[in-house]
Each structure stands twice: as C-alpha cells, then as structure tokens.
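# Chains, contacts and geometry: an overview
Residues per chain are reported as follows:
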Amino acid sequence: MIKKLYNAIFILFVLVMVYSCGKGFLDAKPQGALSESQLLNTKGVESALIGAYGIMNGNINGTWGNYSSGPSQWLFGEVAADNAHKGSNSTDQSPMNDIELHKVNPSNDNLPTMWRVYYEGITRCNTTLRLLSAVQSSGTDKFSDARATQIAAEAKMLRGHYYFFLARVFKNIPYIDETMTVQQAAQVKNDKDVFPMIEADFKAAIAGLPQDYSKPLGDVGRVDKYAAESYLGKLYLYQKKYGDALTLFQDVIQRKPALTSLAFDANFNIKTKNGAEGILVSQSIINPDGSGDNANVGDMLAGLYGNSPGGCCGFYQPSVDLVNAFKVGADGLPYLDGSYRTNPYKSDQGLSGTAVDNYTLDTTLAFDPRLDYTVGRRLVKYRDWGAVVPGWIRDQPFGGPFVAVKQSINQADFSGNVANGANYLNAQNINIIRLSDVYLMAAECAVETNALGQAKDWVNAVRTRASQLGPILTVYNNPAAKYQIKNYTNFPSQEYGRNAVRFERRLELALEGHRYFDLIRWGMAETVLRSYMDFEKQYVSASQPAAFTYADWDKGMPIPQEQIDRAQGVLLQNK
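This report concerns the structure included in the present document. Predicted model only: the values in this text are computed from it and were never measured. (Residues numbered from 1 in each chain as written. Predicted model: local features only at pLDDT ≥ 70, side-chain atom pairs only at ≥ 80, totals over all residues. Heavy atoms only, no water.)

### Quick notes on the pattern of salt bridges
For clarity, the cut-off: Criterion for a salt bridge: a side-chain nitrogen of Lys or Arg within 4 Å of a carboxyl oxygen of Asp or Glu. Secondary structure follows DSSP: runs of H or I at least 4 residues long count as helices, runs of E at least 2 residues long count as strands, and numbering of each begins at the N terminus. Three labels apply to residues, based on accessible area from a 1.4 Å probe with only protein chains included: buried if under 20% of the type maximum, exposed if over 50%, partly exposed otherwise in between.
Enumeration according to the criterion identifies 38 salt bridges in this entry. One salt bridge connects R434 with E512, and the closest N-O pair in it is separated by 2.7 Å. In this pair, R434 is assigned in strand β9 (residues 430-434) and E512 in the loop between α17 (494-508) and α18 (515-521), connecting sequence segments 78 residues apart. A relative accessible area of 1% means that R434 is categorised as buried. One salt bridge in this structure joins R498 and E448, with 2.8 Å as the shortest N-O distance. Residue R498 is found in helix α17, and its partner E448 is found in helix α15 (residues 435-448); the two are separated by 50 residues along the sequence.

Here it is, written out as structure tokens:
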C-alpha cells in the first residue's frame with residue numbers, strides 16, 4: 001500500500017465517529033464532530049471510502065479485543081476446526097474455549113465482536129455510496145464518470161466481502177444497503193439468503209473496476225478485478241455452482257503469473273508483502289507515532305509467550321493432528337486415508353523434568369517442506385528468532401507443543417514494523433485470497449465437473465511450488481526433517497481427486513482461516529471434528545470430546561444476544 005493510502009487510513013479516527021452506529025448496527029444516532037453534509041464533496045467521498053477500507057483489518061479502533069474479527073479468521077476458521085487450539089491457558093479468554101469445543105452460547109463475547117466490526121464496515125460502504133450519489137447529483141465538485149464508477153465498485157466489493165465474512169459465521173443475517181434509512185434498517189429481518197445480494201455487489205465490482213486489472217488510482221492496497229472475479233468464484237463455489245466458478249478462476253489463473261514462478265514463503269515475509277500472489281489482502285502498518293491500531297491487530301494474541309521476541313500471549317497453537325497431516329509416504333504424497341495418525345509425532349509433549357531437557361528431535365521423519373514454514377516446533381529454528389524452546393509456550397499440556405509461524409515476522413524486520421513496546425503487534429499483511437487458493441478452488445470445481453486431469457494439474461502446480469522450498473534447520477544446523485514432496489501421477493477416480501484437493505487445501509492454506517468453513521461447506525464438519533477430538537485428546541487437554549457439543553452450525557453460529565435484545569423481535573436466533 002503506497003504512502004497516500006497509508007496516510008489516508010488515519011482519517012479513520014474521525015470517520016469512525018461519523019459513520020459508526022455505536023457498538024451495534026441497530027443503534028440509531030452516530031456521534032461525532034462531522035456530519036454527512038460536511039463530507040458532500042469529492043474529498044469527503046474519497047475519505048469515506050478509505051474509512052470503508054479501514055475495516056479490512058478487522059479493527060474499528062484501539063488494539064486489544066478485536067480477536068475474533070481479525071482478517072485471518074484464526075478463531076472461527078482454524079481453532080473451531082481441527083488445525084489449531086486456542087492455546088495460552090484454560091482461563092485466559094475462556095469464551096474461546098467454547099468456540100473450540102463448539103458449545104457456543106449467544107452471549108459468547110467473540111460473537112458480537114465479529115458482528116459489530118463487519119457491520120461497521122458495511123455501514124461505511126453504504127455511507128460512501130450514499131455520499132457518492134449525492135455528490136454526483138449536485139454542485140460542481142463532482143467526480144469524472146470513470147472515477148465515480150470505480151468508487152461505487154470499490155465500495156460494493158468491500159461490502160460484499162464484509163457480508164460474506166458475516167454470512168460464513170452467522171449465515172442468517174440482515175441485509176442493509178445504502179438506500180435504507182436507519183429506521184428502515186432496524187426493521188430488516190434475518191430470514192433471507194444474502195448470497196444473491198453479495199453476488200450483485202461482486203458483479204458490480206467486476207463491471208466497474210479497471211478493466212485492465214490495474215488498481216484504482218494506482219494504490220496497491222485497493223481492490224481490483226482479480227479480487228472481484230476470485231471472490232465471485234468463491235461465492236459460486238460455496239453455492240456449488242462449479243461451472244460458473246471455474247470460468248472465473250480460470251480467467252484469474254491465465255492472467256496471473258504461473259504459481260510455480262512465485263515463492264511460497266514470500267506470502268509470509270514482510271519484505272515481500274503485496275507480491276503477485278496476493279489477490280485480496282488486508283493491509284497492515286505501524287502508525288508514524290509507533291502505535292498499532294492499523295497493524296495486524298487480529299493476530300496479536302498469537303505472539304509467542306514468555307521471553308520470546310514476540311513477547312505476548314501464546315495463543316493460536318497448531319494441533320498435533322495438523323502437524324502429522326504433513327507426513328508423506330515413500331511416494332512423497334500425503335496419507336489421504338488418515339493413517340498419518342499412526343505412531344504420531346508429538347514433539348516433547350508429555351515429557352517432564354530432565355526428559356524435556358534431554359529431548360532430541362527425530363530428523364528422519366518424512367514431512368512435506370511446508371510444515372516448518374507453517375508450524376514452529378521444538379529444536380527447530382523459528383524464523384530468525386532461534387529454535388523454539390518450552391518457555392515460548394504458556395501451558396503446553398493444555399495447548400500443545402507447537403506454535404504458529406505465518407502471522408509473525410523476522411526479528412531483523414522489527415524496526416518500523418512492530419508497535420512501540422509491543423512486538424506482538426506487527427505490520428504483517430493478511431492474505432484473504434491468494435493465488436494458490438484460487439488454484440485449489442479451481443481444482444475443486446474441476447473435480448466436481450469430472451475434469452480430473454485438469455484438477456490434478458492445478459494441485460500439482462501447488463505441490464511443485466512447495467517442492468522449491470529450502471530446508472528449515474535445527475538448532476544444530478542440519479535439516480529438521482527428511483523433506484519430501486512429489487506430484488500426483490493421476491486421479492484415478494472422482495472421489496480420490498476430491499480427497500486429494502481437500503487435503504491439499506489443508507496443507508497449503510493451513511492456519512490462514514479457511515479450514516472450518518471448508519469443512520462446513522463440504523458437509524463434513526461434525527464427522528471430522530469428532531474424530532479429531534478423539535485423537536487429539538490423547539495429547540492435548542484442550543481437546544475434550546465429552547465437552548464437545550456440536551450443534552447444527554451449518555445453520556450458523558448464534559446471533560449475538562445483544563443484537564437479539566436490541567432488535568426487539570426483528571432478528572431471529574439461529575437454532
């Protein structure tokens with residue numbers, strides 16, 4: 001994101017007060033120093049649009065507290081699945097334990113955070129569209145037709161994204177657009193499918209964003225036609241409209257550089273952020289005064305614990321099951337049948353006393369090389385921080401022996417990229433959609449339309465790129481595993497291809513916020529999670545099959561109780 005867009009983000013401190021509907025979108029009276037009439041000019045509209053972009057990092061203001069709304073969706077997308085534990089200890093942020101165990105009640109404080117933040121984003125998008133219409137209809141301070149079209153497209157693209165995030169979690173949500181008054185919005189029920197309206201927004205974005213796929217105004221942080229096509233394809237995939245989705249994914253793949261020419265680890269290196277693989281990216285920056293409310297606030301709890309360079313909280317710990325899913329057989333392929341759980345690798349989990357000090361790493365295990373670019377493990381070098389040590393984990397019996405990698409940055413890059421006195425608040429961007437995700441969504445569509453050869457080729461492109469990764473070293477400077485990855489020679493059946501694509505998504509996109517939502521749309525969530533809990537309980541006490549209460553969450557997690565109360569009968573609770 002160039003300086004112009006970075007600096008404009010600071011207008012948020014004013015815009016939050018102008019456009020916010022308090023802590024819930026049903027509150028009627030925004031408070032602040034400015035009125036909409038004061039923004040009825042081209043500068044005001046552009047500023048309002050930047051305010052709409054500002055919600056992409058999942059944060060309205062401040063730093064602490066906006067964890068469930070982070071763009072990585074680590075809590076709902078990964079902890080609620082089989083890839084990660086909440087981590088830390090059992091008492092810190094204890095309502096998150098209930099997300100992990102799927103015994104979520106409507107008063108869980110993670111629900112209203114998600115709801116408030118993204119309805120705030122929707123409010124800002126609607127305000128931008130309303131101001132734009134008024135400016136273009138009056139006076140001489142007007143946009144060119146081309147720029148007005150782009151602004152509308154950007155606002156609708158963002159609005160579609162915010163609605164999609166909400167619909168994945170809650171499913172049954174009210175749809176509010178720029179034509180409604182506050183009074184009308186307060187009477188909108190949550191009994192209609194919002195996907196058609198999201199589709200309309202994405203289609204408008206495709207039509208209105210620069211047709212040469214460039215960024216509006218040349219600003220790298222803005223949405224473009226790649227993002228709009230990819231997101232509409234994703235929406236179609238969720239609706240099982242595989243042919244429609246595939247057409248869009250193919251267009252993106254054909255126009256983008258070949259995936260094999262792009263480095264996997266560049267996606268998680270702050271020096272190479274905003275590279276060619278990013279398609280929809282949440283921008284992060286440390287403010288000039290060193291504060292961090294425009295940083296990657298949502299992932300701050302994942303800062304490693306104790307005396308680690310991150311120095312925070314020790315949340316978001318990869319599961320034993322995920323780590324073992326990276327095992328490969330002699331053929332260099334993953335164990336699609338689940339047999340990776342046989343004789344599992346569990347690091348130093350379960351050891352105590354001198355056995356912990358004397359623990360040695362088995363470097364003869366055959367792993368996909370993406371493992372150690374995704375997960376930190378004992379005696380293996382973690383970025384440039386040194387090898388992971390027990391003190392970097394807050395409560396290992398509870399959260400497990402592993403830590404997450406992708407959201408952190410190298411110590412050498414701390415200067416200017418971490419908040420003052422808070423190394424756990426960094427400027428790492430978050431990929432909401434990246435190119436390998438598009439490859440794998442395209443492969444999924446190809447499998448479902450029985451184009452197995454094409455599906456195999458897209459999966460193999462992802463694996464070929466992964467094979468280019470260099471080894472991660474141990475504290476003794478030798479490779480931390482017998483790294484191996486090979487391509488599939490064929491997909492002998494549709495079911496085999498389906499399993500291969502789904503497994504590849506788990507490996508390639510691990511800890512990027514996709515897993516739980518994938519399981520839901522595949523209709524596998526309860527089966528997979530019950531099996532996972534039964535396995536994981538042997539090693540990590542956070543996994544409690546007896547406490548696992550899987551409601552029919554494919555109908556949505558509970559609507560926040562505060563919103564039910566405020567709506568006074570307008571909103572219906574998910575059941």
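### A short note on the packing of helix α10 (residues 225-238) against α15
For the record, the criterion: Comment: axis = line fitted to C-alpha atoms, over the contacting stretch for helices; angle = value between 0 and 180 degrees taken between N-to-C directions. What makes a crossing left-handed is the near helix being turned counterclockwise from the far one by less than a right angle; a clockwise turn instead makes it right-handed. In what follows, residue pairs with any heavy atoms lying within 4.5 Å of each other are defined as contacts. Each residue is assigned to one class: nonpolar for Ala, Val, Leu, Ile, Met, Phe, Trp, Tyr, Cys and Pro, charged for Asp, Glu, Lys and Arg, and polar for all the others, Gly among them.
Relative to each other, α10 and α15 sit at 35°, their axes nearing to 11 Å. Note on packing geometry: the crossing formed by α10 with α15 is left-handed. Along its contact with α10, which presents S230, K234 and L237, the element α15 presents D437, V438, M441, E444 and C445. In terms of residue class, the contact of α10 with α15 is made up of four nonpolar, one polar and three charged.

### Some points on the nonpolar core
Quick reminder of the rule: Side-chain atoms within 4.5 Å link the members of a nonpolar core, which is a set of buried Ala, Val, Leu, Ile, Met, Phe, Trp, Tyr and Cys residues.
With 181 residues, the main nonpolar core has W74, L158, F170, I173, Y316 and V438 as its most contacted residues. Sorting elements by how many residues they give to this core places helix α7 (residues 145-170) first, with 15 residues.

### Section: α7
The following threshold applies: In this analysis, the expected span of each helix is defined as 1.5 Å times one less than the number of residues it contains.
Along its 26 residues, α7 runs 37 Å from first to last C-alpha, staying within 8% of the 38 Å computed at 1.5 Å per residue. Buried residues dominate α7, accounting for 22 of its 26 residues. Looking one or two residues beyond α7, the residue adopting positive phi is K171, at roughly 60°.

### Topic: the packing of aromatic side chains
Counted only if it meets this: Each Phe, Tyr or Trp ring (for Trp, its six-membered ring) is paired with any other whose centre lies within 6.5 Å, and the angle between the two planes then decides the class: stacked below 30 degrees, edge-to-face above 60, tilted in between. Whether a charge sits over a ring depends on NZ of Lys or CZ of Arg being within 6 Å of the ring centre and within 35 degrees of the ring normal.
Using the criterion set out here, one finds 27 aromatic pairs in the structure. Considering the side-chain rings of F264 and Y373, the 6.5 Å spacing of their centres and the 90° angle between planes classify their relative orientation as edge-to-face. Pair noted here: F264 is in the loop between α11 (242-255) and β2 (278-282) and Y373 is in the loop between β4 (366-367) and β5 (375-376), with a separation of 109 residues, a long-range link. Look at Y373 and you get buried, because its relative accessible area is 16%. Members of the aromatic cluster, connected to one another through ring pairs, are W115, Y119, Y163, F170 and Y175. Here the basic side chain of K256 rests over the ring of Y226, its NZ or CZ set 4.6 Å away from the ring centre. The lysine or arginine in question, R521, covers the ring of Y238, its NZ or CZ lying 5.3 Å from the ring centre.

### Focus on the side chain of K327
Quick note on the threshold: Polar contact criterion, stated in full: a pair of N or O atoms within 3.5 Å, where within protein one must be able to donate a hydrogen and the other to accept it, and residues adjacent in sequence count only if both atoms are side-chain atoms.
With respect to the element layout, K327 can be found in the loop between α12 (320-325) and α13 (354-357). There is a polar contact of 3.3 Å between the side chain of K327 and the backbone oxygen of T342. With residues up to four places along the chain from it excluded, the contact list for K327 reads L333, P334, Y335, Y340, T342, N343, P344, Y345, A366 and F367.

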